[in-house]
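Survey of secondary and tertiary structure
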Amino acid sequence: QVQLVESGGGLVQAGGSLRLSCAASGVVFSINDMGWYRQAPGKQREPVASITRGGTTTYADFVKGRFTISRDNAKNTVYLQMGTLKPEDTAVYYCNAKYTWRGYAEVWGQGTLVTVSQ
């Protein structure tokens, strides 16, 4: 199995930056795609960005040009560099990994809160 531990959330002013990290452990060699999702109060969880093992990235339109996802396969860690943060980016951010181990599987981190103040 794979386990994920996130870090890096916190309180930041609008226009500021934060970097989230997500470290994977377990059968990490089986991980394919990794990504970040977020869930704001009263809203559904939505995808933010994803990255394949080979480094191909995708972004939600609302973060293009502001957020960058990256991945260090040697450290089994995925990052989300967030810039030009807006109050509407306030949410719990969750790391996600899709892997193949005795079949297809998916795992979530515990979430890290990002709060952007005016």
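Notes on the structure in this doc start here. Keep in mind that this is a model prediction, so the values were computed, not measured.

1. Some points on the overall build of the chain
When helices and strands are counted, the chain shows zero helices and 11 strands. Along the chain, from the amino end to the carboxyl end, the secondary structure elements read β-β-β-β-β-β-β-β-β-β-β. Structurally, the chain occupies a C-alpha span of about 45 × 25 × 20 Å along its principal axes. Of all 118 residues assigned to the chain, the portion counted as buried reaches 42%. Contacts in the chain between residues at least 24 apart in sequence constitute 54% of all its contacts with a sequence separation of at least 6. Taken as two groups, the 12 positive and 8 negative side-chain charges of the chain have centres that lie 4 Å from each other.

2. Observations regarding the side chain of serine 21
With respect to the helices, strands and loops of the structure, serine 21 is situated in strand E3 (residues 18–26). Note on serine 21: relative accessible area 16%, which makes it buried. Residues in contact with serine 21, not counting those within four places in the same chain, are Val5, Glu6, Ser7, Trp36, Thr77, Val78 and Tyr79.

3. Focus: the nonpolar core
For soluble globular proteins, the rule of thumb is that nonpolar side chains tend to be buried together. Ranked by size, the top nonpolar core spans 33 residues in total, and within it Leu4, Met34, Trp36, Leu80, Met82 and Tyr93 carry the most contacts. At five residues, strand E9 (residues 91–100) tops the list of elements feeding residues into this core. Once residues lying within four places of it in the same chain are set aside, the contact partners of methionine 34 are Leu4, Cys22, Ala24, Ser50, Ile51, Ile69, Arg71, Val78, Cys95, Asn96 and Ala97.

4. Thoughts on the sheet that holds strand E1 (residues 2–7)
Ordered by their spatial adjacency, four strands build an open sheet running E1-E3-E8-E7, and the pairing between neighbours is antiparallel. Each edge of the open sheet carries a strand with a single partner, namely E1 and strand E7 (67–72). Mean inter-strand twist for the sheet, computed between neighbouring axes without regard to direction, equals 15 degrees. Across six bridges, E7 lies against strand E8 (residues 77–82) in antiparallel orientation. Bridged to isoleucine 69 within E8 is leucine 80.

5. Let's talk about the pairing of E1
Where burial is concerned, the two faces of E1 differ: the one with Val2, Leu4 and Glu6 is buried and the one with Gln3, Val5 and Ser7 is not. As defined by bridge partners, E1 adjoins E3 across six bridges and the pair is classed as antiparallel. Looking at E3, one finds that glutamine 3 is bridged to serine 25.

6. Considerations on the pattern of salt bridges
Inspection of the entire model under this criterion finds five salt bridges. Arginine 66 serves as the salt-bridge partner of aspartate 89, at 2.7 Å between the closest nitrogen and oxygen. In this pair, aspartate 89 is assigned in the loop between E8 and E9 and arginine 66 in the loop between strand E6 (57–59) and E7, connecting sequence segments 23 residues apart.

What counts and what doesn't
Residues numbered from 1 in each chain as written. Predicted model: local features only at pLDDT ≥ 70, side-chain atom pairs only at ≥ 80, totals over all residues. Heavy atoms only, no water. Helix = DSSP H or I, 4+ residues; strand = E, 2+ residues; numbered from the N terminus. Buried < 20%, exposed > 50% of the residue type's maximum accessible area, 1.4 Å probe, protein only. Contact = heavy atoms within 4.5 Å. Lys, Arg positive; Asp, Glu negative; His and termini not counted. Charge placed at Lys NZ, Arg CZ, Asp CG, Glu CD. Core = buried A, V, L, I, M, F, W, Y, C linked by side-chain atoms within 4.5 Å. Pairing = 2+ DSSP bridges. Axes fitted to C-alpha atoms, helices over the stretch in contact; angles between N-to-C directions. Salt bridge = Lys/Arg side-chain N within 4 Å of Asp/Glu carboxyl O.

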